[in-house]
Number of protein chains: 4
Amino acid sequence: MREVKSKFDILRQKIYIIIYGANTFAGRLFDLILLGVILLSVLLVMLESVERLDAQYHDFIIISEWIITIFFTIEYILRIFSNRKPWSYIFSFYGIVDLISILPMYLSFIIPGSRMLSVIRALRLLRLFGILNLVHFTGQESKLKLAIKASRTKIIVFVYFILIVSILLGSIMYVVEGKESGFTSIPTSIYWCIVTLTTVGYGDIAPVTTLGQIIASFIMIMGYGIIAVPTGIVTAEFSNMKNNIKPNDGKKCVSCKSEVVKDASFCHHCGEKIRNA
Amino acid sequence: MREVKSKFDILRQKIYIIIYGANTFAGRLFDLILLGVILLSVLLVMLESVERLDAQYHDFIIISEWIITIFFTIEYILRIFSNRKPWSYIFSFYGIVDLISILPMYLSFIIPGSRMLSVIRALRLLRLFGILNLVHFTGQESKLKLAIKASRTKIIVFVYFILIVSILLGSIMYVVEGKESGFTSIPTSIYWCIVTLTTVGYGDIAPVTTLGQIIASFIMIMGYGIIAVPTGIVTAEFSNMKNNIKPNDGKKCVSCKSEVVKDASFCHHCGEKIRNA
Amino acid sequence: MREVKSKFDILRQKIYIIIYGANTFAGRLFDLILLGVILLSVLLVMLESVERLDAQYHDFIIISEWIITIFFTIEYILRIFSNRKPWSYIFSFYGIVDLISILPMYLSFIIPGSRMLSVIRALRLLRLFGILNLVHFTGQESKLKLAIKASRTKIIVFVYFILIVSILLGSIMYVVEGKESGFTSIPTSIYWCIVTLTTVGYGDIAPVTTLGQIIASFIMIMGYGIIAVPTGIVTAEFSNMKNNIKPNDGKKCVSCKSEVVKDASFCHHCGEKIRNA
Amino acid sequence: MREVKSKFDILRQKIYIIIYGANTFAGRLFDLILLGVILLSVLLVMLESVERLDAQYHDFIIISEWIITIFFTIEYILRIFSNRKPWSYIFSFYGIVDLISILPMYLSFIIPGSRMLSVIRALRLLRLFGILNLVHFTGQESKLKLAIKASRTKIIVFVYFILIVSILLGSIMYVVEGKESGFTSIPTSIYWCIVTLTTVGYGDIAPVTTLGQIIASFIMIMGYGIIAVPTGIVTAEFSNMKNNIKPNDGKKCVSCKSEVVKDASFCHHCGEKIRNA
C-alpha cells in the first residue's frame, strides 16, 4: 500500500516540506519570504493609521494589503491542505493566529473599520523563533519559559496583593484628594494608584493636598520596595534552575545509571561506590 | 455531660462548620457566595463614586448596598454566635475588618458621607486565600511572608536612609529652585524628591534652573543605583531560604552523621542505607 | 597621679557618660531628648518654608528655632569639653555636622536667608542608629555598608558609562528634535536623557518627531535593560557575602582555631582531623 | 639591517611611546593632557548649544574649537605616523572615533551646521579606561563585559518579545482610545506603550477612557513584573561567574583528586599537603 503514492500525495508532501520544514533550500527561502511579508504587512497597517501618510498613499496601501491578504490566504489553505492532521493545525495557537490575520480584511466588506484589527498579524512575528530555528535561541527561550513558569504562582499571588492594595489606597486617595485634583472617581483613583505603585507616574493626575502627597510618598516608597519581590522571585528561580541543571557535570552511577551528587563517595540510590575516573 | 447536647449546641456547631469550614459542600458553597458578595459590594462602592453612573442608578445602588450590609451583618452575628470563643474572633484581624465593613452604612444615618468608607470591605478580599484554601497557594504565600519578614529590618534601615536623603536633597532643591518652578515649600520639595528618587516622576513639579537639573540628574542616577539595594536584599533572602529549605530538612546518616541528599536511599559519604523513620 | 581626680575631672567624666554613653538611665534619657529636639528642629525649618504657616506663626517659629539653636550650642560645647580628645571629635563627621547645624542661625545676623541652611540638621538624624544602639540594627547597617562598598568600583564604572551614553544620546536628540519640543540646548537634552534612561520620565520635555520617538524608545528599552546591571552587581555581592559569613556555622579546627570548610574531614590549614561532635 | 636605525625611526618610536604608552612620565602626561582636552572639547560643544552663552561668547567658542580640532588633527596624524601598522589603527574602533571627532569641523565649511556633530567626541572619553589603566578598574570592566556578554542572547530574545507586545498592545490602545487623547496613530501608540511598559511614563500621552485605563493598568503591572526578567538573567549570570571564578581555579588534591579550598594548605578530604605548583 505504501508504495502506491499518487501524484497528489507527493505534491502534498513537497508542499509540506516547503511550508513546515526549514532544512531544505526551498523551505528556508519560503520562511524568509514569509518573514518579510509579515513584517511588511505589520508596517502597512501602521502606516495606514498615520493620517498624513494615509491621505497620500491610500490606494497604494489598500492594494498592498489585499495582495498580502491573498498571499496569507493561499498560505493558510496550503497549510491545511498539506498537513496530515489539518484539524490539529487549525486549532493550534499558530493556526488560530493565521486565521485571525486574514479574517479582518474580508470582514471589512461587512463591518467597515474592522480592517484595523489586522494588526494582530504582529503575533505571526512569533514564528521568527521557529524560522530562525537556532538551537541557541530556542534553548534560551525554553529556559526563560521554565523560569517564568516556575515563578508563575508566586507572581499571581503578588499581583493579587497589588490589586487589593491599589483598591484600598485608591479609595483613600479619592476621599482625601476630592474631585478638584483629578481624582474624579474611585476607579480613576485606583488607576492613579497603579500608575504610582508601578513607578510609571504619568502626572495627568497628581495629588495637591499635603495629606494626599504624604500618602502618595508612602505609596511610592512601598512601590519602590516591592519591586524587589518579583525580581527576587524570578532571580532565585533562575539561579536555582542553573544549579539544578549543572550538578556534578552529569556524572552517573555505573550500577544504577542515576545521576550522583557532587563529591559523593557512594551512589545515594543504590549504595554503589563511585569511582573517580 | 458531653452527651447532653441541646438542639441549640447542634445548631451552633452546624453553623460553625458552614461558616468557618471549607471541607463540606455547604461550607464551600457559603465561601463562594461570600466571595461573590464581597466582590459585588466593592464594585458597588466604586460605581457609586462615578458621578455619571451614580446619577442614573442612585436608588438601585443604595438599595443593593443596604441588602449587602444586612447580609454582612447577619454573617457577622452568626460568626460571633457560632464561635466557641467569640471574643477571640471579635478582636482578631478579620473580626475587626468584618465590623468595619458594616459600620459605615449604619453610621451614614448620623454622619452623611461616611458611607464612602465602606470601601474598606476590599480588605475582606484577603479572605480569598482562606477560601481557595489551596495548599499550593498558601505555601507560596507563607514563603513570600518568610522572605519579606527576613528582609524586614534591612528594608526599614533602607527606608530610613531614603527619608533622610529626601529631606536633605529636598531642602537643597527648595533653596536652589525657588518658588517659581513649583518648589513652593520644603515639604513640597521633599515630596518632589521622593517622586524622583523612586523613579515615578509625575512632572507636576520639575526643575528649570541649570543647577537644579544637575542636582536632579544626580538624584535620579542615585535612585536608579539604590533600587538595587532592596532587590539585592530580598533576592539574597529568597535564594538563601531556598537553599535552607531544600536539603532534606537536615536528615542525617546514622552511620557517619553527615547530611544526606533528598530522596536518598543510601548515604553518599559512607554508603549506609537510609531508614525513613 | 591617677587618684588625684579633681572635681572638675569627675564632672567632665559624668557629662561624658551622659552625652556619649547609652548604658545608664541618664545617658539614655539624654539621647531620647536629643532625638526629639533634632526631629523638632527639622520640622520647624520645614514649616517655616510653608508660606501660609510662616505668615501665621512667624514669631513662634523664630523663637523656637533660637531656643533649639542655643540647646544645640550648649550640647556642642559640652561634647568638646567632656571629650578627652576634643580635636578628634571636632574634625569627626558628626563633629562637623553638629557645627554646621548651629552655624546658619548665627550667620543669619550677617547674611539674611542663610538660616534656611539649618535644614542640614537632618543629617543629625543619622545619630539615631547610634542612639537606638541595637546590635540587630547596626549589624544590618554594617552588612549593607559592606555589600555597597564591595560593589563600589563596579558602580562607578557603571555610572561613568551612563554619563557618556547620556552625553552622546542627548546631543543626538538635540540635533534630531530641535528647539520647538523643549530640547533647547545640549545640556537640557542630556538632562532629558538621564530622566529617560533612569525611567523617571517627568514629561516636561518629550520628543514629538517620529525619529525622536524612535530614539527615545530605544533609550527607554536600554534603560530598562541596564537597570539589571547594578541590581545584579549588588545582589551577587549580597549572596556572596552571605555565603562567606555562613559556612559551616562557624565550626573551628581544634588545633589551629581557624574556621573549617563545610563537610571537611581535615582542616585545610593545618591538616588536623575534624571531629564531628 | 636592524642596527641601522635612522633618526626618523627613533623619532617615530619616541612618539609612539609618548602617544600609545602610559608607563613613562611623558606618556602619562600626554594622556592626562589628552583627557583634559577631550573634556574641554565636549564642554565647548555643549556650551555652544546654549543660545544665551553662544550669543555672548560666540567668537571665543569658535576659536577654541578650531584650536582643539587642530590639536586633535595633529594627534591623529602622529598616531598614524608613529604606528607600525597604520591601517590597523585607522580601521580600529578608536581610529574611526578619532577621525569622526575632527571631520565635522572641516565639513562645516561645506555643510553649515554639521559642526554640531562634533559632540561625537564624547566617545573619546571611553579612552579614560585606557588612560587610567588601573588593573582594578579594567578588571571590573572585563567582568561587567563578560556578564553582559553571557546574558546577551537572553536579552535579545527579551527585547524582541517586548517589541511584539508593544506593537500588539499599542495597536489595541489606538483602536480603544482614538485620536482625541493623543493616540493619533499606531506608531504613536506603540511609542506610548514602550513609555508605559518601561515605567518611564512621560504623561504627554495618557489614556482617558475607562477601558483604556484598564488596559494601561494591565500594561503597567506587566511591565512591573517583567522588569524582573532581565534583572534575574544578569544577576544569575553574575552569581554564576563569581562561583566559577572563585573556587581555586579548579586545583585538585594529588592524593584523593577532590577539589581543594582556596588558599588551603591541606586537602580537607584526606589531609594531604597541597603543593603550590
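The name given to chain A in an unreviewed UniProt entry is Ion transporter, with the source organism recorded as Flavobacterium aquatile LMG 4008 = ATCC 11947. On record in UniProt, under Subcellular location (unreviewed entry), the comment for chain A is "Membrane".

1. Some thoughts on the overall build of chain A
Scanning chain A from terminus to terminus reveals eleven helices and zero strands. Along chain A, helices (α) and strands (β) appear in the sequence α-α-α-α-α-α-α-α-α-α-α when read from the amino end. When the 277 residues of chain A are sorted by exposure, 50% land in the buried category. A total accessible area of about 14200 Å² is found for chain A, and carbon and sulfur atoms account for 69% of it.

2. Regarding the nonpolar core
W192(A), W192(B), W192(C) and W192(D) are the most contacted members of the largest nonpolar core, which has 212 residues in total. Once residues lying within four places of it in the same chain are set aside, the contact partners of W192(B) are M173(B), F183(B), I205(B), A206(B), P207(B), A216(B), I219(B) and Y202(C).

3. Comments concerning the packing of aromatic side chains
Considering all chains together, one arrives at 34 aromatic pairs over all chains under this definition. Consider the rings of W192(A) and Y202(B), whose centres lie 6.5 Å apart with planes at 25°: the pair is stacked. Remark: Y202(B) occurs in the loop between α9 (186-197) and α10 (210-226) and W192(A) occurs in helix α9 (residues 186-197); the pair is interchain, linking two chains. The same class applies to W192(A) as to Y202(B), namely buried. Measuring from ring centre to ring centre gives 5.2 Å for F8(B) and F81(B), while their planes differ by 80°; the resulting arrangement is edge-to-face. With F8(B) in helix α1 (residues 7-20) and F81(B) in helix α3 (residues 51-82), this pair connects stretches of sequence that are 73 residues apart.

4. Regarding the UniProt feature "transmembrane region" (unreviewed entry) in chain A
Residues and elements named next belong to chain A. Residues annotated by UniProt as "transmembrane region" (unreviewed entry) correspond here to residues 20-45, 57-78, 90-111, 155-176 and 214-236. End C-alpha to end C-alpha, residues 90-111 measures 24 Å, and it is 73% helix and 0% strand. Secondary structure across residues 155-176 divides into 100% helix and 0% strand, with the first and last C-alpha atoms of the span separated by 31 Å.

5. As for unusual backbone geometry
Backbone geometry follows two general trends: most residues other than glycine have a negative phi, and most peptide bonds adopt the trans configuration. The phi dihedral of T199(B) is positive, around 60°, even though this residue is not glycine. Following the sequence through the fold, T199(B) ends up in the loop between α9 and α10.

6. What about the confidence of the model for chain A?
Residues and elements named next belong to chain A. Looking at chain A, the pLDDT average stands at 77 and 73% of residues meet or exceed 70. Taken as a whole, residues 245-249 scores under 50 in pLDDT and shows six contacts with residues more than four places along the chain or in a different chain. This prediction of the complex comes with two scores: 0.79 for pTM and 0.76 for ipTM.

7. Focus: helix α9 (residues 186-197) of chain C
Residue and element names in this part refer to chain C. Compared with an ideal rise of 1.5 Å per residue, which puts twelve residues at 16 Å, α9 spans 16 Å between its outermost C-alpha atoms and is within 8% of the ideal. The buried fraction of α9 amounts to eleven of the twelve residues, a majority that puts the element mostly inside the structure. Looking at α9, one finds that the buried residues are I186, T188, S189, I190, Y191, W192, C193, I194, V195, T196 and L197. One or two residues past the end of α9 sits T199, with phi positive at roughly 60°.

Calculation notes
Residues numbered from 1 in each chain as written. Chains lettered and ligands numbered in written order. Predicted model: local features only at pLDDT ≥ 70, side-chain atom pairs only at ≥ 80, totals over all residues. Heavy atoms only, no water. UniProt positions renumbered as here; feature names shortened; annotations may be inferred. Helix = DSSP H or I, 4+ residues; strand = E, 2+ residues; numbered from the N terminus. Buried < 20%, exposed > 50% of the residue type's maximum accessible area, 1.4 Å probe, protein only. Areas by Shrake-Rupley, 256 points an atom, 1.4 Å probe, with all protein chains shown as cover. Core = buried A, V, L, I, M, F, W, Y, C linked by side-chain atoms within 4.5 Å. Contact = heavy atoms within 4.5 Å. Phe/Tyr/Trp six-rings, centres within 6.5 Å; stacked < 30°, edge-to-face > 60°. pLDDT = per-residue confidence, 0-100. Expected span 1.5 Å × (residues − 1).

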